[in-house]
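# An overview of the molecular structure
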Amino acid sequence: MSEKRLLASIHDVGPLHADAVDRLADRLSHHLGGPRFAMLVVPDHWGQAPIAEDKTFHRRMRAWHASGAEIFVHGWYHQDRSHHAGAIAAIKARHMTAGEGEFLGLDREEARRRMIAGRTLIEDIIGAPVAGFVAPAWLYGPGARAALADVGFVLAEDHMRVWAPDSGAVLARGPVITWASRSRARIASSLAFSALARHALAGMGVIRVAVHPGDVTVPSLLTSIDRTFERLLQSHQAGRYADLLFDRDRKKYATHCG
Ligand SMILES: [Zn+2]
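One structure accompanies this document, and this report is about it. Not measured: the values here are computed from a predicted model.

Quick look at the coordination of the zinc ion now. Within the protein, the atoms that donate to the zinc ion are Asp12 (OD), His74 (NE2) and His78 (NE2), at distances of 2.0 to 2.1 Å. The sequence pattern formed by the donor residues of the zinc ion is D-x61-H-x3-H. On the accessibility criterion, His74 (0% relative accessible area) is buried.

In total, this model carries 16 salt bridges according to the counting rule given. Across the salt bridge formed by Asp22 and Arg60, the nearest N and O atoms sit 2.3 Å from each other. A residue pair is termed long-range when its members are at least 10 positions apart, and Asp22 in helix α1 (residues 18–32) and Arg60 in helix α2 (residues 55–66) qualify at 38 residues. Accessibility expressed as a relative area gives 28% for Asp22, which makes it partly exposed. What makes Arg60 partly exposed here is its relative accessible area of 25%. A salt bridge links Arg248 to Asp249; its shortest N-O distance comes to 3.1 Å. Given the relative accessible area of 37%, Asp249 is considered partly exposed. Connected through salt bridges with shared partners, the residues Glu3, Arg5, Asp243, Asp247 and Arg250 form a single ionic network.

A separate point is the environment of Arg119. Mapping Arg119 onto the fold places it in helix α4 (residues 108–126). Taking the C-alpha atoms as reference points, Arg119 and Leu221, 102 residues apart in sequence, are found 31 Å from one another. Beyond its immediate stretch of four places on either side in the chain, Arg119 contacts Val73, Val130, Val151, Gly152 and Phe153.

Basis of the calculations
Residues numbered from 1 in each chain as written. Predicted model: local features only at pLDDT ≥ 70, side-chain atom pairs only at ≥ 80, totals over all residues. Heavy atoms only, no water. Donors = N, O, S within 2.8 Å, 3.2 Å for Na, K, Ca; no water. Buried < 20%, exposed > 50% of the residue type's maximum accessible area, 1.4 Å probe, protein only. Salt bridge = Lys/Arg side-chain N within 4 Å of Asp/Glu carboxyl O. Helix = DSSP H or I, 4+ residues; strand = E, 2+ residues; numbered from the N terminus. Contact = heavy atoms within 4.5 Å.

Here you go:
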């Protein structure tokens, strides 16, 4: 039986939030005993922060990767620039995500194009395969879900699951513990949820915790993040997303050969 794992991630990594990302990386490294977290890189955040020509940022990315962080592609612009067909999709895009659900309204072809562009860019910089793809705000439309299988990412996740796009196999279930800094109401609800979840979810085999650059601007969120890691690391070990693939392959081998 494998040990219980805590998978941590830093969202929205890019030149736009470089200082906040450094602060989060230091904080998480302190809890996890090193850079044992995933970094979700946005290739051109809001069309304002292209990493393509930013050599300083390339060096940082290579250093993070070399130190053991798992590097994921996290959309391209992050921002939802599409026009949504249908009232419900439009409402969902605007109100649930503050317009950050880039992959909610893309068709399969455009989703595939951005996924491949992001992967190629990041792999050229770090000189290694990316760990997978995570859509901004964890939101995937039908086009994005179809494109994931086309492109061949080994891992993807949304708010409730981690899965392998090649087979569709679900590798972990359960809500991500995360925080929102966008408004007072969201700060309050994310503090309440994380306080509950760090105890309620502690029995799960795999638990995911995600932090965002905006979290560093709110002291109460940082305190909550610290408490969450302290609690969960009593029952779980700092793991890697790639461990989920390793577990899957080990189980397959045991089924075939056991
Ligand atoms: Zn994001």
